[in-house]
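Structural characterization, general
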Amino acid sequence: MSEIQDILALHGEALKADKRVAVATVIKTEGPSYRSAGARSLIVEDGTFSGGLSAGCLEGDIACRLDSISNEAFVVTYDLSEEDDIRGFPFGCGGTVMIFVEPLPNQRALNAMRWLSELDEPAVMLTVVKTDHAGDAKTAPGARFGISKSGSANLCDGLANMLPLCKMIFDAQKCQLINVTLNGENLEIFAEYFEPAISVVIFGDGEDARILEDIARRVGMHALRLSKQVVRSCNSLLQEYQNLTRSYLVVMTHDLNLDTRVLEQLITSAPPYLGIMGPRSRTQKILTAIGVRPSSIFSQPHFYSPVGLNMAAETPSEIALSVLAEIQTVARKTNPQHLRDKDGAIHERWELEPKH
């Protein structure tokens, strides 16, 4: 399941046990941090949590706070320098993390998570985290406005005239904490760029295909594996599985005829990622058989053959790991490298240009 689906599942369990819980969202970081802005967690009073703000230390501190707080949302800032010592544990990470905490029951927070869990495309969600007018419920902390990339789904909870700001966040594809003035009211808003879990579709029955499916699910991706039997019986994969054009596809049936059948149906669909298992010469043979000039396809940015990162993978597990690592880098639009060789912060920072 995706991280948000895991969060909702834990909420259901905590609700049955009648335990105090809260939704916590990272809204700003400065310096080194375990997660970037937009990371969220559901935290239970006993210290159990799903999702993640940190490696567990911040979640534990927030869990301790649930005994003494009201149901009003609040912001807490952690200084994770070497000198800081929270609940008896010095962190030593060196950064600062600002977190927006919404104790439950809170219908606004739950509606927001359910909306995000159902999305199959990027979206922007604006959340009020502070206001200088406490009396207006429409713009109180927790009020939200959300819209998907296509505009087909939206979440509106009191905010209006925010489409220009949403477009800025869509263009930047980054989260940002900003100050705005709405109808004379000063609001601090967390503008979140959200991408749904990566959807992976695997064609094949081999051990490497099954392991790839399992690892993808374990890391929170949506994974669907189509067997050889399904491929043989399906006349039109694109009609039968309409999400293929938005999914990351891996063709690995290890059957030349079946791979040819799959590729013939998918070659013009231009999904975000189309990986073909096997050497380049084998893929060239498939392309030639379906009447496609290999040089025109190998140059396409979404086409990966041979599939996977160069990790000296040998076993089915290692091969599956190399394929999934490649999918992750493509989906996140980054080039694989050792973090020790990366200059600056691990997580990129972005600041909205101020308006004068």
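Quick note: structure is the one above.
All of the points below concern the structure found in this document. All residue numbers here refer to positions counted from 1 along the written sequence of the relevant chain. Local features in this predicted model are restricted to residues of pLDDT 70 or higher, and side-chain atom pairs are both shown and tallied only at a pLDDT of 80 or more, whereas totals for entire chains, interfaces and linings draw on every residue. Note that the side-chain values use all heavy atoms of the structure and ignore hydrogens as well as water.

Another aspect to go through is the sheet that holds strand 17 (residues 303–304). A pair of strands is treated as paired once DSSP finds two or more bridges between them. Secondary structure elements are defined from DSSP: runs of H or I of at least 4 residues count as helices, runs of E of at least 2 residues count as strands, and each element is numbered from the N terminus. Strands sit in the order 14-13-15-16-17 across an open sheet of 5 strands; the sheet is parallel. Because the sheet does not close on itself, it has two edges, and the strands there are strand 14 (222–226) and strand 17. Alignment of strand 16 (residues 273–276) against strand 17, held across 2 bridges, turns out to be parallel. Paired with Leu-274 across the strands is Phe-303, a residue of strand 17. Any two residues whose heavy atoms approach within 4.5 Å are treated as being in contact. Only the stretch in contact is used when fitting a helix axis, every axis being a line fitted to C-alpha atoms; angles between N-to-C directions are given from 0 to 180 degrees. Contacts from helix 11 (residues 316–331) reach strand 13 (199–203), strand 15 (248–251), strand 16 and strand 17 within the one sheet, and its direction differs from that of strand 15 by about 150 degrees.

Moving on, we come to empty space enclosed by the protein. Put simply, the grid is 1 Å and covers the protein atoms alone, a cavity is a trapped set of points that fit a 1.4 Å probe, a pocket is an open set with protein on both sides within 12 Å along at least five of seven lines, and lining residues have an atom within 4 Å of a point. Grid points are joined across faces, edges and corners, and a volume is the space filled by probe spheres set on the points. Following the criterion strictly, the structure yields 1 cavity of 30 Å³ or more and no others. Size it by volume and the largest cavity reaches roughly 90 Å³. Lining the largest cavity are 14 residues, and of these Thr-25, Arg-40, Glu-102, Met-125 and Arg-144 lie nearest its centre. Mapped by element, the contributors of at least two residues to the lining of the largest cavity are strand 1 (21–30), strand 7 (96–103), helix 3 (107–118), strand 8 (123–131) and strand 12 (185–194). Considering each element in turn, the lining of the largest cavity owes the most residues, 4 residues, to helix 3. Classifying every residue of the lining of the largest cavity gives 8 nonpolar, 2 polar and 4 charged. All amino acids are sorted into three groups, where Ala, Val, Leu, Ile, Met, Phe, Trp, Tyr, Cys and Pro are nonpolar, Asp, Glu, Lys and Arg are charged, and the leftover types, Gly among them, are polar.

Remark: the empty space left among the atoms is shown by a probe the size of a water molecule rolled over them. Approximately 480 Å³ is the volume found for the second largest pocket. The wall of the second largest pocket is formed by 22 residues, among which Asp-120, Pro-196, Ala-197, Arg-246 and Tyr-248 lie closest to the centre. Among the residues forming the lining of the second largest pocket, the class breakdown is 9 nonpolar, 6 polar and 7 charged.

With that settled, consider unusual backbone geometry. With omega at 10 degrees, the peptide bond leading from Leu-104 into Pro-105 counts as cis. Cis rather than trans, the peptide bond between Ser-305 and Pro-306 has omega equal to 0 degrees. Among the secondary structure elements, Pro-306 is positioned in the loop between strand 17 and helix 11. Positive phi is not limited to glycine here, since Gln-173 has a value of about 55 degrees. Its place among the elements puts Gln-173 in the loop between helix 4 (163–172) and strand 11 (176–182). Relative accessible area decides the class of each residue, using a 1.4 Å probe on protein chains only: under 20% of the type maximum gives buried, over 50% gives exposed, and in between gives partly exposed. A relative accessible area of 36% places Gln-173 in the partly exposed class. The backbone of Lys-333 sits at a positive phi, close to 55 degrees, despite the residue not being glycine. Residue placement: Lys-333 occurs in the segment after helix 11.

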